[in-house]
Amino acid sequence: MIDTLREPTTTDLKARASLKDTDWRFLVPNPGGDVYDHLVLLGGSRAMRDRILEAGLARAVSVEVMVERQADALVVFGQSPACIARALPCLRPGGALYWQVDRRSKGSRTLNPRGAGQLLYEHGLQAIRSYCVWPGPVDRDAYIPLDVEAAFTWYFRAIFVPSSPLRLVLQTVFAAAPAGLLSRIAPCFAMTAIKGTPSRARPSVLGNDAMPAALQGQDLRPLVLTGGDELNRVVLFPFVAHAVQPLAVVKLGRVPEMSPAIDREQRVLSALHEAGMASTADSVPVSGGTVTWGPLLAGIESCAPGRSLASTLRRWRVSLPAQVDDLRAVTAWLTEFNAEAQISPSEHSAGGMTSWADEAIARYRRTFGTNREEDALFDAVLQRAESLVDLSLPLVWVHWGFDERNVFRSDGQISVIDWEGGNPGPPLFDLLYFVTHWSVRAYGRHGPGAELEGFRRLFCAAHGRDRVSAAAYSAISRYMETLRIDPRAFPVLLVLMWLERACGREERQAAVNLAESHPRRDNRYVQYVEALAQHADRVMQLP
């Protein structure tokens, strides 16, 4: 097994390029995260078999049923009821089943979860949970429990992004549809089951004895989000039968190398609540600690109320006044939070900022090289930093992923989730990041090049400000006035923030082995730096 303390190498993560194909493990009852002695995989590819072995999920994997050798796990994709009936006898008593049914395939079109459960019962298995596999059998971005009506309502109201007319219709239908109807019409569903009478049948880590007391002894039904690449986490939202919101949030990495990040987020949450926040304390999740599940570490925290701003800001044809209202609410929260949870009210001096600028520019040059325009911009930034030698800046908690996906709103109250990257840093970084994302949606831009176009309009345009940029700079001004940030520091903070982003993105791309990508062309933050350099005179006059 891989040493959990070792940093992931390029080779490590390349070998796990399809680990999302093994996310069924977060649904199957296995409270200790134990390794299966023998797993039978039907309907999956040989690449999936290789991923199962490389991840250490099983000691042996067969791609066909062998009468002479029983299995303690059976994982089935796209097989007809007749095929699975022939395969079920291979499971030994206590063995676990994951069965994914694509109802658009021949032989499964009339099958529903109730009929599938009856088939399993006739062969000595007890069905544990049934899930809608959303959006379908290939992408599998979410597993939504079919026996909890509120889980569908919560997902489609709080998480789902209705960014097109079709998705808006889907949100309207699924957020209000009863679970019984969803069971009948779900185009792809999954069943988990145990052979015999299970004594502990809670899904994956939720059955672990070390889970917090509030999650013990509960008949938990998890909604599981699996989007992203190898470095993204899988998130479990445990529901009980009549709950309208998850009881908690449980996060796991797909690989052991993610465990330090899981642990770090819990420590950041604890540190934030120890920072003396008064009015903003309820807006940050409360840490529930960590639990070991096999080679992985699970982090537990409270669930944010309300809905993600992504579900409103990215909504099809959302009005600009509504978007501006969200921006004002987020700015007000961030201003208050940075004022309350400061690490030091005046620890970041301009002298220190000059040293930081030198380091950030040198790092950028090593990573990407520079052109003449960038060199001129960097010289101007260094000169400005040196001219502000007597300036003091607060040192604040920087989220580093502060966009609409990680901000929730409930009756005007803001909550912020996913503090994995939280770290002390300069002010304004989080607001600049949020405003950049917000402006793209507010301008109504979509498709390739939309983000860069929005960025140019916001920070590089020479003409007068339009309604979107006026709202953005109004938010920036309110923040800077409250935290007493000298406006002359704005260009320095703006440029250095995107330098940090560009270098961080390149490191991430290297970690997931995107060696074939072009470091400058395929890094949108480098494109932002290039845009600022092309309009250096304008940038140095901001805000």
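Attention in this report is confined to the structure presented alongside it. (Residues numbered from 1 in each chain as written. Predicted model: local features only at pLDDT ≥ 70, side-chain atom pairs only at ≥ 80, totals over all residues. Heavy atoms only, no water.)

### Description of the overall build of the chain
- Across its full length, the chain holds 18 helices and 18 strands.
- Computed over C-alpha atoms, the radius of gyration of the chain comes to 25 Å, within 12% of the 24 Å expected from 2.2 N^0.38 for 543 residues, which places it in the range of a compact globule.
- The principal-axis extents of the C-alpha atoms in the chain amount to approximately 80 × 45 × 45 Å.
- The buried share among the 543 residues of the chain stands at 56%.
- For the chain, contacts bridging at least 24 residues in sequence account for 71% of all contacts bridging at least 6.
- Accessible surface for the chain amounts to roughly 22300 Å². Of this, 50% is attributable to carbon and sulfur atoms. (Helix = DSSP H or I, 4+ residues; strand = E, 2+ residues; numbered from the N terminus. Rg over C-alpha atoms; globule rule 2.2 N^0.38 Å. Buried < 20%, exposed > 50% of the residue type's maximum accessible area, 1.4 Å probe, protein only. Contact = heavy atoms within 4.5 Å. Areas by Shrake-Rupley, 256 points an atom, 1.4 Å probe, with all protein chains shown as cover.)

### Side note on the nonpolar core
- Membership of the largest hydrophobic core comes to 87 residues, with the highest contact counts inside it found for Trp 438, Phe 459, Phe 490, Trp 498 and Leu 532.
- Considering each element in turn, this core owes the most residues, eleven residues, to helix H16 (residues 490-511).
- Contact partners of Trp 498, with chain neighbours within four places excluded, come to Leu 432, Tyr 433, Thr 436, Phe 455, Tyr 525, Tyr 528, Val 529 and Leu 532.
- With 48 residues, the next largest nonpolar core counts Leu 91, Val 101, Leu 146 and Ala 158 among its residues. (Core = buried A, V, L, I, M, F, W, Y, C linked by side-chain atoms within 4.5 Å.)

### Examining the pairing of strand S9 (residues 233-239)
- When you tally the buried positions in S9, you get seven out of seven residues, the bulk of the element.
- Of the two faces of S9, the one lined by Arg 233, Val 235, Phe 237 and Phe 239 and the one lined by Val 234, Leu 236 and Pro 238 are each fully buried.
- When strand S8 (residues 221-225) meets S9, the two strands line up antiparallel, connected through five bridges. What sits directly across from Pro 222, in S9, is Pro 238. (Pairing = 2+ DSSP bridges.)

### Side note on the environment of Glu 451
- Within the element layout of this structure, Glu 451 appears in helix H14 (residues 450-459).
- We classify Glu 451 as partly exposed; its relative accessible area is 28%.
- In this structure the C-alpha to C-alpha distance between Glu 451 and Met 48, which are 403 residues apart in sequence, comes to 35 Å.
- Those residues in contact with Glu 451 that lie beyond four places of it in its chain are Val 440, Arg 524 and Tyr 528.

### Re the pattern of salt bridges
- For the structure shown, the criterion picks out 31 salt bridges.
- With its nearest N and O atoms 2.8 Å apart, the salt bridge here joins Arg 363 to Glu 507. Here the residue Arg 363 occupies a position in helix H11 (residues 350-368), and Glu 507 occupies one in helix H16, the gap between them amounting to 144 residues.
- Classification of Arg 363 as partly exposed rests on a relative accessible area of 22%.
- Its salt-bridge partner being Arg 457, residue Asp 466 comes within 3.0 Å of it at the nearest N-O pair.
- When its relative accessible area of 27% is taken as the criterion, Arg 457 is described as partly exposed.
- Within the structure, one salt-bridge network assembled from shared partners comprises Arg 233, Lys 251, Glu 265, Glu 301, Asp 418 and Glu 420. (Salt bridge = Lys/Arg side-chain N within 4 Å of Asp/Glu carboxyl O.)

### Some details on the packing of helix H12 (residues 372-387) against helix H17 (residues 524-534)
- Interhelical geometry of H12 versus H17 gives an angle of 75 degrees and a closest axis separation of 8 Å. Taken as axis vectors, H12 and H17 run roughly perpendicular relative to one another. Between H12 and H17, the contacting residues are Glu 373, Glu 374, Leu 377 and Phe 378 on the first element and Val 529, Glu 530, Leu 532, Ala 533 and Gln 534 on the second.
- In the contact of H12 with H17, the residues fall into five nonpolar, one polar and three charged. (Axes fitted to C-alpha atoms, helices over the stretch in contact; angles between N-to-C directions. Parallel < 35°, antiparallel > 145°, perpendicular 65-115°, else oblique. Nonpolar A, V, L, I, M, F, W, Y, C, P; charged D, E, K, R; others polar.)

### A look at the sheet that holds strand S12 (residues 296-301)
- The strand order across the open sheet built from twelve strands is S2-S1-S3-S4-S7-S5-S6-S8-S9-S10-S12-S11, with neighbouring strands paired in mixed fashion. Only two strands of the sheet have a single neighbouring strand rather than two, namely strand S2 (61-62) and strand S11 (287-293).
- Sheet topology note: the strand S5 (residues 125-134)/strand S6 (residues 142-145) ladder contains four bridges and is antiparallel. Counted as the bridge partner of Trp 134 is Ala 142 from S6.
- Seen against the sheet, helix H2 (residues 46-54) touches strand S1 (39-42), S2 and strand S3 (71-77) and runs at an angle of roughly 155 degrees to S1.
- Taken strand by strand, helix H8 (residues 259-273) contacts S9, strand S10 (249-253), S11 and S12, and its axis lies near 25 degrees from that of S12.

### Some words on the pairing of strand S15 (residues 392-398)
- Burial runs high along S15: six of the seven residues are buried.
- As judged from the three bridges shared by S15 and strand S18 (residues 423-425), these two strands associate in the antiparallel manner. Bridge pairing links Val 398 to Asn 423 in S18.

### Looking at the sheet that holds strand S17 (residues 413-416)
- If you walk across this open sheet you meet the three strands as S13-S16-S17, and the pairing is antiparallel. Unpaired on one side and paired on the other, strand S13 (307-308) and S17 mark the two borders of the sheet.
- Alignment of S13 against strand S16 (residues 407-410), held across two bridges, turns out to be antiparallel. Bridged to Ser 308 within S16 is Phe 408.

### A few points about the packing of aromatic side chains
- This structure, assessed with the given rule, holds 30 aromatic pairs.
- Their ring planes at 75 degrees and their centres at 6.2 Å tell us that Trp 134 and Phe 160 sit as a pair that is edge-to-face. Residue Trp 134 is located in strand S5, and its partner Phe 160 is located in the loop between helix H5 (149-159) and helix H6 (165-176); the two are separated by 26 residues in the primary sequence.
- An angle of 80 degrees between the planes, with centres 5.7 Å apart, marks the rings of Trp 400 and Phe 429 as edge-to-face. (Phe/Tyr/Trp six-rings, centres within 6.5 Å; stacked < 30°, edge-to-face > 60°.)

### A few points about the packing of helix H13 (residues 429-442) against helix H15 (residues 467-482)
- Across the interface, H13 lies against H15 with an axial gap of 10 Å and an inter-helix angle of 165 degrees. In terms of axis orientation, H13 runs roughly antiparallel to H15. The chirality of how H13 crosses H15 is right-handed. Of the residues in H15, those in contact with Leu 431, Leu 432, Val 435, Trp 438, Ser 439 and Ala 442 of H13 are Val 468, Ala 471, Ala 472, Ala 475, Ile 476 and Tyr 479.
- Residue composition of the contact of H13 with H15, grouped by class: eleven nonpolar, one polar and no charged. (Left-handed = near helix turned anticlockwise from the far one by under 90°.)

### Some points on H2
- Regarding H2, the residues found buried are Met 48, Arg 51 and Ile 52. End-on view of H2: buried residues confined to an arc of 100 degrees, all on one side of the axis.
- On the buried face of H2, the contacting elements are S1, S2 and S3.
- Gly 56 occupies a position one or two residues after H2 and carries a positive phi of about 75 degrees. (Arc of directions from axis to C-beta.)

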